[in-house]
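Structural features, examined
Okay, here's what each chain looks like letter by letter:
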Amino acid sequence: MHTVRIRAIHVAIALLAVLAIAGAVAYSRLPDIDALLLKPATPSILIADRHGRVLYETIDPMGSKHVPLALSEIPRACQQATIATEDERFYSHPGVDLLSIARAAWTNWRAGEIVSGASTLTQQLARNLMLPEGERYEQSLSRKLREAWLAWRLEQRYTKDELLARYLNTTYYGHFATGIEAAAQAYFGVHAGELDLSQCALLAGLPQWPAGYNPIENPDAARRRQATVLRLMVAQGAITETQAQQGGDEALRFASTAFPIDAPHFVMFVQGQLENILPPERIAAGGLRVTTTLDLDWQRAAEGAIDRRIRQLTPCASAEQPLPGVTCDVTADPSRRIENAALVGMDPRTGAILTMVGSPDYFDLRTSGAVNAALSQRQPGSAIKPLTYALAMDPDAARRAGRAAWTPATVIPDIRTVFTTEEGAPYAPNNYDRRYHGPVTLRAALANSYNIPAVRALDRVGVDSLISLARDLGIAWQPAAGVDAATSPEEDGEPRESRYGLSLTLGGGEVRLIDLAAAYAALANGGSRVVPYAIERIETLEGEALWPVPDAAGDGISATPPPPARVIDERVAFLLTDILSDDLARRPAFGQGSPLHIGRPAAAKTGTTTDWRDNWTIGYTPDLVAGVWVGNADNTPMKDVSGVTGAAPIWHDFMTSVLRGRAASEFAVPSGVTQIEVCADSGLLPGAVAAGDQAASCPSRRLEWFIEGTEPTEVDRDHALAWVDPATGRVSAERVPGAYPQTFWVLGPEYQAWARENDFPQPFSVTGTMPPAQAVDRAGAGAALRLTSPDPNRRLRIDAQLPRSAQQLPVTALATFPTAGDITLTVDGVPFATVSAPDYTAWWPLAPGQHVFAAFARRLDGSLEYSAEVAVVIEP
């Protein structure tokens, strides 16, 4: 112990000697220590729109900025949290912490670069308040020595408590808040003296990265940072494990007090971008003019559309007094809640944000109005489907994967389909309208937002491919609750995707509105990623340019972003745009003249979660992309509010308002695409029919776009000409007296059960005389013989209240080839039924245990075809 003390004394003497030498060398150029507590008021920061109109001025709008507090007025928890996070030996070192310096030096030496600092609270004060601005950020020994000398002198002049109070009163906490009092009011709407442990821990974590840990814009990152602070406080003995647990579990509410500001959510987003451009100390110094990308007129149009449409959707029984001329919803369930909406508009060519509304009322505490829903993670529903189809139609991706590329004319089965998850469980998605639509083209499937074709598409291209494409477009996936996805933590606590299911294409991963809008911008601009940005330039109040930095040649400042990277083939982007702008194609689901039609070329897609918690509309013209989200901040379901009734009217109003008087632009047709005539239903080439041929020309045709090289080469032979007896309705291949001719679309075996259930006539007496139908699952048929019931790995339970004779399981086989006889069904390897006609179904009495079902049939050439086995567990 005695030796340790001697070494500590020697180290202290050496430190003082170094500081004395450094001070002697640079003393004449150092500021006056006594001026520390007399620092003048900070000049304003002006945030302006693209036309120079001021949105917000940071100087003391509430009388709360830069209000110095005595240390006794600051909660003990805030003091402890700050010390534990920034300088755990604050009360024991003389202004410089040699142990921290040694540890940082070792860490930096091992890393080969500076990854860790060792500045004490006193050194941070000296650097931020006493060194000239140009010297504060130098990575030099001279600056560190001057900083250390000033810190030592400060420790000689002021007490530890005075220094701690000064630190807490001058530190920049983000959100345009300098000092603990301003931060308490900016984030929580309370005075600093009212902060509790949970709030103190959150604020103490902000100074290291105010933009990244902002709890209003990045709540998950802020919570993780708060947990780190609480853990450090436990390690220092400031609080107990129980107190840390309670502090971490506390639900924090972020409040705002009204103050003069336009576009408040956008201004706070600008603050985050500003903090990523300039050091916090420079922002805290003030004296800036920030010119942004926002158009204030468009912002007001967005705010008006949201306010008007939300009021119209509010049940009359629960609505406040509506504005004159604004009605509430007399048909709505009085318990319906619909309180929040967000809108982001941007230039699809550059990513410049032209408008951002994060909630209907930033200052509404009841609806968490200060939370920016444009930056919140929510489930996108079907709004993510275009990315899945982008992969399916990409010829290069298809060639790499060894499969054929889909086209807008590809026929996809929209029938009950069971997929198997990675866990082996059966997954049978449903459509929004709870109906199956049989064989549909990709154009119809996407335009009408059918779910089953989209899941088939994702099953074809792969979940990993969709995740990769979304990432390339700027979407950071987050797993949604209650879906077939799992996550595992990285070492630094950041979540990552480890496994997603096929429901990802239906909204099974949470995204941000701003990111999804930027992804759609890539469709609008021909496939290039854009990064949303809000700041055009930063200047001092005297007009000196700070950002973008003038180039070395002295040619001035250029705010032009770098050329965007191509992510989606421009031909694929055009096909998607053509489908999403096809008002006729989406008519079955959305009707004629839906809110997605704005009187000019515009592509749009809606999204709705199954329980109406979130609904979306994202759409674009060649010059503007806008995304709208509608829901509740607390995730309460809205009840019967879909994307087309909730978000789409807001999108429609905004687009028509801001584009009024502007010339309409057509979407450019890229090279490498061609338009040809195809049969509207089968997607094949219409062809001449030879005399006496049983086939008939398709009755409906359309012009369809294709990427060159993916055009259909097959002539349609799926349509048959038959004779219908009007008296009996019987169909015959031969003409009978009084019968009239009719063309039938002959479907393959895959669709026969759907055709019977939906009264889609099939001339069975004719199909035997024709070549096999061509329209059998063009989007990727399954095995030639398979079981469509029961579902693989299904678990069933015997009901003790019902007679055992009434508890039977349908076992159904499907053959996509002509059979030479019956189909035999087996259970546990033993035949139990022979079926000879559609539906090829037999009923098996339930018996406890695990059972394996299969089928076999004989082909015309005499060979046997076997199905895959399907296992089912029957619980007693």
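Residues numbered from 1 in each chain as written. Predicted model: local features only at pLDDT ≥ 70, side-chain atom pairs only at ≥ 80, totals over all residues. Heavy atoms only, no water.

What follows is about the overall build of the protein. When helices and strands are tallied, the protein shows 25 helices and 33 strands. Taken over 876 residues, the protein has a buried fraction of 51%. Across the protein, the fraction of contacts at a sequence separation of at least 24, relative to all contacts at a separation of at least 6, is 70%. In the structure as shown, the protein presents an accessible area of about 38700 Å², 52% of it carried by carbon and sulfur atoms. (Helix = DSSP H or I, 4+ residues; strand = E, 2+ residues; numbered from the N terminus. Buried < 20%, exposed > 50% of the residue type's maximum accessible area, 1.4 Å probe, protein only. Contact = heavy atoms within 4.5 Å. Areas by Shrake-Rupley, 256 points an atom, 1.4 Å probe, with all protein chains shown as cover.)

Within this structure, the stated rule accounts for 39 salt bridges. Among the salt bridges present, the one from Arg 416 reaches Asp 791, with a minimum N-O distance of 2.8 Å. With a gap of 375 residues between them, Arg 416 in the loop between β7 (411-414) and β8 (419-420) and Asp 791 in the loop between β25 (785-789) and β26 (794-797) connect regions that are remote in the sequence. Look at Arg 416 and you get partly exposed, because its relative accessible area is 43%. The buried category is assigned to Asp 791, whose relative accessible area is 7%. Arg 571 serves as the salt-bridge partner of Asp 569, at 2.7 Å between the closest nitrogen and oxygen. The pair Asp 569 / Arg 571 is uniform in exposure class, with both members buried. Overlapping salt bridges, with partners in common, bring together Arg 337, Glu 339, Asp 364, Arg 366 and Asp 634 in one network. (Salt bridge = Lys/Arg side-chain N within 4 Å of Asp/Glu carboxyl O.)

It is worth spelling out the nonpolar core at this point. With 101 residues, the main nonpolar core has Tyr 389 and Trp 477 as its most contacted residues. If you tally residues by element for this core, the top one is helix α20 (residues 513-524), at 11 residues. Residue contacts for Tyr 389: discarding those within four places in its chain leaves Trp 406, Ile 412, Leu 442, Ala 445, Leu 446, Tyr 450, Pro 453, Ala 454, Ala 457 and Leu 576. In terms of nonpolar packing, the next biggest core, distinct from the first, is built from 54 residues, Tyr 187, Cys 200, Leu 203 and Ile 239 among them. (Core = buried A, V, L, I, M, F, W, Y, C linked by side-chain atoms within 4.5 Å.)

Glancing now at helix α7 (residues 160-170). Each α-helix turn comprises 3.6 residues. Residues three or four places apart therefore point the same way. With eight of 11 residues buried, α7 lies mostly within the body of the structure. Those residues of α7 lying buried are Lys 160, Leu 163, Leu 164, Ala 165, Arg 166, Tyr 167, Leu 168 and Asn 169.

Time to look at helix α18 (residues 451-461). Taken across its 11 residues, α18 has nine buried, putting it largely inside the fold. Three or more residues of α18 are buried, namely Asn 451, Ile 452, Pro 453, Ala 454, Val 455, Arg 456, Ala 457, Leu 458 and Val 461. Once α18 finishes, Gly 462 follows within two positions and takes phi at roughly 100 degrees, a positive value.

Before going further, it helps to spend a moment on the sheet that holds strand β23 (residues 731-732). The strand order β23-β22-β24 describes an open sheet built from three strands, whose pairing is antiparallel. The open sheet has two edge strands, β23 and β24 (740-745), and neither has a second partner. Pairing analysis gives two bridges linking strand β22 (residues 719-724) to β23, with the strands arranged antiparallel. Its bridge partner lying in β23, Trp 723 is registered against Ser 732. (Pairing = 2+ DSSP bridges.)

Contact pair helix α15 (residues 385-393) / α18: the axes reach a minimum separation of 9 Å and the direction vectors enclose 50 degrees. Put simply, α15 runs oblique to α18. The interaxial crossing formed by α15 with α18 has left-handed handedness. Contacts from Lys 385, Thr 388, Tyr 389, Leu 391 and Ala 392 of α15 reach α18 at Asn 451, Pro 453, Ala 454, Ala 457, Leu 458 and Val 461. Of the residues assigned to the contact of α15 with α18, the class counts are eight nonpolar, two polar and one charged. (Axes fitted to C-alpha atoms, helices over the stretch in contact; angles between N-to-C directions. Parallel < 35°, antiparallel > 145°, perpendicular 65-115°, else oblique. Left-handed = near helix turned anticlockwise from the far one by under 90°. Nonpolar A, V, L, I, M, F, W, Y, C, P; charged D, E, K, R; others polar.)

Counted according to the given criterion, the structure contains 13 aromatic pairs. Considering the side-chain rings of Trp 209 and Tyr 213, the 5.3 Å spacing of their centres and the 75 degrees angle between planes classify their relative orientation as edge-to-face. These aromatic residues form a ring-pair network of at least three members: Tyr 520, Tyr 620 and Phe 667. Sitting over the ring of Phe 90, Lys 160 keeps its end group 4.6 Å from the ring centre. (Phe/Tyr/Trp six-rings, centres within 6.5 Å; stacked < 30°, edge-to-face > 60°. Lys NZ or Arg CZ within 6 Å of the ring centre and 35° of its normal.)

Inspection of the secondary structure puts Thr 122 in helix α4 (residues 121-130). According to the relative accessible area criterion, Thr 122 is buried, its value standing at 0%. Side chain to side chain, Thr 122 and Glu 155 meet in a polar contact 2.7 Å long. Leave out the neighbours within four places in its chain, and Thr 122 touches Phe 90, His 93, Gly 95, Ala 151, Leu 154, Glu 155 and Leu 163. (Polar contact = N/O pair within 3.5 Å; in protein donor to acceptor, adjacent residues only side chain to side chain.)

Taken as a whole and assessed by the stated rule, the structure comprises three disulfides. With its sulfur 2.0 Å from that of its partner, Cys 78 forms a disulfide with Cys 200. Where Cys 78 bonds to Cys 200 through sulfur, the torsion about that S-S bond is close to -70 degrees, and the disulfide is left-handed. Highlighted residues: Cys 78 in helix α2 (residues 76-86) and Cys 200 in helix α9 (residues 197-204), separated in sequence by 122 residues. Note on accessibility: Cys 78 and Cys 200 belong to one class, buried. There is a disulfide in this structure between Cys 316 and Cys 328, and the S-S distance comes to 2.0 Å. Its torsion about the S-S bond being 110 degrees, the disulfide of Cys 316 and Cys 328 is classed as right-handed. Within this pair, whereas Cys 316 is found in the loop between α14 (296-313) and β4 (340-346), its partner Cys 328 is found in the loop between α14 and β4, the two being separated by 12 residues in sequence. With its bonded cysteines labelled in order along the sequence, the protein shows the pairing 1-2, 3-4, 5-6. (Disulfide = S-S within 2.5 Å.)

With respect to the secondary-structure elements, Glu 536 resides in strand β15 (residues 535-540). For the buried residue Glu 536, which engages in no salt bridge, the nearest side chain bearing the opposite charge is Arg 50, 4.7 Å off. Reaching out from Glu 536, the side chain makes a polar contact with the side chain of Tyr 533 at a distance of 3.5 Å. (Lys, Arg positive; Asp, Glu negative; His and termini not counted.)

The residue Gly 829 is located in the loop between β28 (819-827) and β29 (830-835) in this model. Residue class for Gly 829 comes out exposed when judged on its relative accessible area of 64%. For the pair formed by Gly 829 and His 851, sequence separation is 22 residues and the distance between their alpha carbons is 9.5 Å.

Attention now goes to the confidence of the model for the protein. For the protein, the average pLDDT comes to 84, and 82% of its residues sit at 70 or higher. Here residues 1-7 is a poorly scored stretch, pLDDT under 50, and it has zero contacts once near neighbours within four places are set aside; other chains count. Here residues 24-28 is a poorly scored stretch, pLDDT under 50, and it has three contacts once near neighbours within four places are set aside; other chains count. (pLDDT = per-residue confidence, 0-100.)

Further remarks concern the packing of helix α8 (residues 180-188) against α9. At a minimum axis separation of 11 Å, α8 and α9 run at an interaxial angle of 110 degrees. What the angle tells us is that α8 and α9 run roughly perpendicular. Taking contact as the criterion, the partners of Ile 180, Ala 183, Ala 184, Tyr 187 and Phe 188 in α8 are, on α9, Gln 199, Leu 202 and Leu 203. Class assignment for the residues of the contact of α8 with α9 results in seven nonpolar, one polar and no charged.

Strand pairs in the sheet, formed through backbone hydrogen bonds, run parallel or antiparallel to each other. Sheet architecture is open: three strands sit in the order β25-β27-β30, paired in antiparallel fashion. Of all the strands in the sheet, the pair left with one neighbour each is β25 and β30 (841-845). Sheet twist, expressed as the average angle between the axes of neighbouring strands with direction ignored, equals 30 degrees.

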